[in-house]
Amino acid sequence: VQEEKIFAGKVLRLHVCSMEGAEWLEEVPEDTTVEKLKERCLKHCLPGSLEDPKTVTHHKLIHATSEKVLTDTKTVLEENIQDRDVLLLVKKRAPTLLPKMADVVAEEKRKQEQKAPDKDAILKATANLPARSVDRSVTQHSMRDFQTELRKILVSLIEVAQKLLALNPDAVELFKKANAMLDEDEEDRVDEIALRQLTEMGFPESRAVKALRLNHMSVTQAMEWLIEHADDPSVDAPLPGQAPAEAPAEGAASCAEAAAGASSEEGGEEAKDELTEIFKKIRRKREFRPDPRAVIALMEMGFDEKEVVDALRVNNNQQNAACEWLLGDRKPSPEDLDKGIDTNSPLFQAILENPVVQLGLTNPKTLLAFEDMLENPLNSTQWMNDPETGPVMLQISRIFQTLNRT
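Computed from a predicted structure; not experimentally measured.

Asks: Is there a simple way to explain the confidence of the model for the protein in this structure?
Replies: If pLDDT is low for a region, its predicted coordinates should not be looked at in detail. Summarising the model, the protein shows a mean pLDDT of 76, and 74% of its residues fall at 70 or more. Looking across the protein, the model is least confident in helix α12 (residues 246-265), with a mean pLDDT of 43, and most confident in helix α18 (residues 355-361), with 90. Taken together, the stretch residues 136-144 has pLDDT below 50 and engages in 5 contacts with residues farther than four places along the chain or on a different chain. With pLDDT under 50 throughout, residues 243-267 is counted as low confidence; its partners more than four residues away or in other chains account for 25 contacts.

If you want it as structure tokens, here you go:
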């Protein structure tokens, strides 16, 4: 018996697959190098290909299970190949050709041409242009938040709407309708989805409604408020203006009837004044309620409670904005909130000349929407989506944006 046969390594039977789909069995000792195994595979699937020495280097063997590329210099044993393993014979991809120098130069030139100019280039190109002094603070002020100007517009439009409604022979009925919508609106202004989430957590519905109204319909903040006030004896007390809702309504209705009587007996002037007072009573139903958390947080910073309430009212209950207002020049002031727009301004004249706005001002619901947005700017989205008041608000916004750009 020959010595090499006595000490020969273990023979492995390997399944080999080519890229063309051919399959066959190779039997090799475990001390065979991967390169020798690759040569045997190429002889089997590509007869005569070994005449080109590059053929072997242009192919590789991959272990199918581990997806590992086998190293030519290592043996089958060193690559930890087992009996009946599957190998893939794959042709290597051709290396990417390096770009020509001329192409590289052309590409760099193209990039430089498309590159944005730097500061020096801009100054050089604009050196001969006439200089203009632009006050950026004035520019920013003229383009400030639409909500700030909207408030002044609403104040003036409310006065116009009150006068139009007072001139209507059915003023008393219109008032009753507006007052009824006000009461219904107070009842309906609760997000049903948010309310259901809180009641499903186990909170009583009346408390959940109160918490949502105090926290601008935020479920998270309302839940925190309910937990904090769970043991508060006044937690179930109604919000200001809700409990005596019926009494003022009756009183206001009687005032409206008195106004109607005065209009028939005294020529209508006193009736208009009375009706104006009645609409002011409607507005008082919607008192501003500051965010209690924001009040506490700002008072802990050393500010007086009245100052804090004024700051929150000016800044729509936004704590950070209120803090900046308190630390800054405090403009606009709380008194400015009740000032209307210049009735002779082109903006106000354009708004009054709009047919959609004119028609909307005769609708008591529009007056209700204006009053509500004055005290609760966060409710503006609700009125923008309302089929009766939405078109009016859209026209006001469009007119403002058009004139603000000119």
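There's more to say after this.
Asks: How should the sheet that holds strand β2 (residues 23-29) be read in this particular structure?
Replies: Pairing between the strands of a sheet is mediated by backbone hydrogen bonds and can be parallel or antiparallel. If you trace the 5 strands from one edge of the open sheet to the other, you get β2-β1-β5-β3-β4, paired in mixed fashion. What marks the edges here is a single partner per strand, and that holds for β2 and β4 (68-69). Here strand β1 (residues 11-18) runs beside strand β5 (residues 86-91); their pairing, made up of 4 bridges, is parallel. Each residue of the ladder has a partner; that of V16, found in β5, is L87. Where helix α2 (residues 34-45) meets the sheet, it contacts β1, β2, β3 (59-63) and β5, and its direction lies at approximately 145° from that of β2.

Asks: Got a minute to help me understand the environment of H59 in this structure?
Replies: Along the chain, the position of H59 falls in strand β3. Each C-alpha atom, one on H59 and one on E39, is 9.7 Å from the other, the two residues being 20 residues apart in sequence. When near neighbours in sequence (up to four residues on either side) are disregarded, H59 contacts K38, L42, L46, L89, V90, K91 and K92.

Asks: Please explain the side chain of T389 as it appears in this structure.
Replies: Relative to the helices and strands, T389 is located in the loop between α20 (380-384) and α21 (390-405). Relative accessible area serves as the criterion here: at 1%, T389 is assigned to the buried category. In this structure the side chain of T389 is engaged in a polar contact, spanning 2.8 Å, whose partner is the backbone oxygen of W383. In this structure, T389 is in contact with K365, T366, A369 and W383, ignoring residues within four places of it in sequence.

Asks: In this structure, what is going on with unusual backbone geometry? I would like to understand it.
Replies: Backbone phi values are negative for most residues with the exception of glycine, while trans is the configuration of most peptide bonds. Its identity as a non-glycine residue notwithstanding, E67 has a phi of 60°, on the positive side. Structurally, E67 is set in the loop between β3 and β4. By relative accessible area, E67 is classed as exposed at 65%. At N80, a residue that is not glycine, the phi angle is positive and equals roughly 60°. Secondary-structure assignment places N80 in the loop between β4 and β5. Residue class for N80 comes out exposed when judged on its relative accessible area of 54%.

Asks: Mind showing me how you'd approach the pattern of salt bridges here?
Replies: Where charged atoms from two side chains of opposite charge come close, those side chains can pair. Counted under the stated rule, the structure contains 9 salt bridges. Salt-bridge contacts for K68 lead to E79; the nearest nitrogen and oxygen are separated by 2.8 Å. Highlighted residues: K68 in strand β4 and E79 in the loop between β4 and β5, separated in sequence by 11 residues. Owing to a relative accessible area of 38%, K68 belongs among the partly exposed residues under this scheme.

Asks: Explain the packing of helix α9 (residues 192-200) against helix α10 (residues 205-214) here, please?
Replies: At their nearest, the axes of α9 and α10 sit 9 Å apart, and the two run at 130° to each other. On the basis of their axis angle, the class for α9 and α10 is oblique. Note on packing geometry: the crossing formed by α9 with α10 is right-handed. Across the interface between the two elements, A194, L195, L198 and T199 of α9 pack against E205, A208, V209 and L212 of α10. Class assignment for the residues of the contact of α9 with α10 results in 6 nonpolar, 1 polar and 1 charged.

Asks: Even after reading the chapter, I still don't get the packing of helix α14 (residues 292-299) against helix α15 (residues 305-314), so can you show me in this structure?
Replies: Close contact between α14 and α15 brings their axes to 10 Å; oriented N to C, the two are set at 130°. Relative to α15, α14 is oriented oblique. Viewed along their axes, α14 and α15 form a crossing whose handedness is right-handed. Contact residues: α14 offers A294, V295, L298 and M299, while α15 offers E305, V308 and L312.

Asks: Got a minute to help me understand the nonpolar core in this structure?
Replies: Generally speaking, a soluble globular protein has its nonpolar side chains buried in company with each other. Within the largest apolar cluster, 26 residues are counted, with the highest numbers of intra-cluster contacts made by I153, L157, L347, I351, F370, M373 and I396. Discounting residues that sit within four places of it in the chain, L347 has contacts with I153, I341, I399, F400 and L403. L12, L14, W24 and L61 belong to the second-largest nonpolar core, a separate cluster that totals 16 residues.

Cut-off values and rules
Residues numbered from 1 in each chain as written. Predicted model: local features only at pLDDT ≥ 70, side-chain atom pairs only at ≥ 80, totals over all residues. Heavy atoms only, no water. pLDDT = per-residue confidence, 0-100. Helix = DSSP H or I, 4+ residues; strand = E, 2+ residues; numbered from the N terminus. Contact = heavy atoms within 4.5 Å. Pairing = 2+ DSSP bridges. Axes fitted to C-alpha atoms, helices over the stretch in contact; angles between N-to-C directions. Buried < 20%, exposed > 50% of the residue type's maximum accessible area, 1.4 Å probe, protein only. Polar contact = N/O pair within 3.5 Å; in protein donor to acceptor, adjacent residues only side chain to side chain. Salt bridge = Lys/Arg side-chain N within 4 Å of Asp/Glu carboxyl O. Parallel < 35°, antiparallel > 145°, perpendicular 65-115°, else oblique. Left-handed = near helix turned anticlockwise from the far one by under 90°. Nonpolar A, V, L, I, M, F, W, Y, C, P; charged D, E, K, R; others polar. Core = buried A, V, L, I, M, F, W, Y, C linked by side-chain atoms within 4.5 Å.

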